[in-house]
Amino acid sequence: MPFFLSLLLQTTPAPPLPKGTGTPPAPQDEAAAVLAPVNATFAAIAARNGELLRPIVREDGNLIIAIEGEDGKRRIVRRPMTEFITGMKPGPERYEERLYDPAIEVDGDVAFVWGRYNFYIDGKLHHCGYDLFDMVREGGAWKIANISYSSRTKGCEG
């Protein structure tokens, strides 16, 4: 084997890359301000009133939903935020979404909220997944720019 080819085939062990360090945790008052529109979204869902979303979202935003069906097939759906607002209608079922131990990261006027959620209909666990809220601060107030979430019916914790 030619010498240059043997050099190409050599592998030199490299030390592992250091783990990234995120931005420092948001101060409690900042975290509460970032969470306020997220909690208001859950209140709008419980009230089944999409108009409650208008002051807390950017209407040019999107929902990205990663759905895993009962059969295990996966698909990605994009919905404009305006469709989320206008599609939420009153009905007889009681909706509730619970977010558990959300991670909150803030960098200037950009933040995100990420955490596991369960969605209940009439008190019964319907589906679960992870929510990701992209947030922006506009005019001193936090708004939801986009929402991405996974949705599945298997592997949900009560």
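Residues numbered from 1 in each chain as written. Predicted model: local features only at pLDDT ≥ 70, side-chain atom pairs only at ≥ 80, totals over all residues. Heavy atoms only, no water.

K.L.:
How should the pairing of strand E3 (residues 95-107) be read in this particular structure?
P.N.:
Side-chain direction in a regular strand flips from residue to residue, so the side chains alternate between the two faces of the sheet. Two strands pair when backbone bridges link them, and E3 and strand E4 (residues 110-121) are joined in this way by 11 bridges, in the antiparallel orientation. Residue pairing in the sheet places alanine 103 in a bridge with tryptophan 114 of E4. The hairpin turn running from E3 into E4, its antiparallel successor, is 2 residues long, and glycine 108 in that turn takes a positive phi close to 65 degrees. (Pairing = 2+ DSSP bridges. Helix = DSSP H or I, 4+ residues; strand = E, 2+ residues; numbered from the N terminus.)

K.L.:
What's the story with the nonpolar core in this structure? I'm lost.
P.N.:
Note on soluble globular proteins: their nonpolar side chains tend to be buried together. Of all hydrophobic cores here, the largest spans 27 residues; its most connected members are Val113 and Met135. Those elements giving two or more residues to this core turn out to be helix H2 (28-47), helix H3 (81-87), E3, E4, strand E5 (124-138) and strand E6 (141-151). Among the elements that make up this core, the one with the highest residue count is H2 (7 residues). (Core = buried A, V, L, I, M, F, W, Y, C linked by side-chain atoms within 4.5 Å. Buried < 20%, exposed > 50% of the residue type's maximum accessible area, 1.4 Å probe, protein only.)

K.L.:
Help me out: how do you make sense of the pattern of salt bridges in this one?
P.N.:
Between side chains of opposite charge, a pair can form when the charged atoms approach closely. Here the structure, examined in full by the defined rule, presents 11 salt bridges. A salt bridge links glutamate 93 to arginine 48; the nearest nitrogen and oxygen atoms lie 2.9 Å apart. With glutamate 93 in the loop between H3 and E3 and arginine 48 in the loop between H2 and strand E1 (62-68), this residue pair connects regions lying 45 residues apart in the sequence. Overall, glutamate 93 belongs to the partly exposed group, its relative accessible area being 32%. Between arginine 116 and glutamate 157 there is a salt bridge, with its nearest N and O atoms 3.9 Å apart. One end of the pair, arginine 116, is in strand E4; the other, glutamate 157, is in the segment after E6, with 41 residues separating them in the sequence. On the basis of relative accessibility, which here comes to 48%, the residue glutamate 157 falls in the partly exposed class. Bridged by salt links that share partners, the residues Glu30, Asp109 and Arg137 form one connected network. (Salt bridge = Lys/Arg side-chain N within 4 Å of Asp/Glu carboxyl O.)

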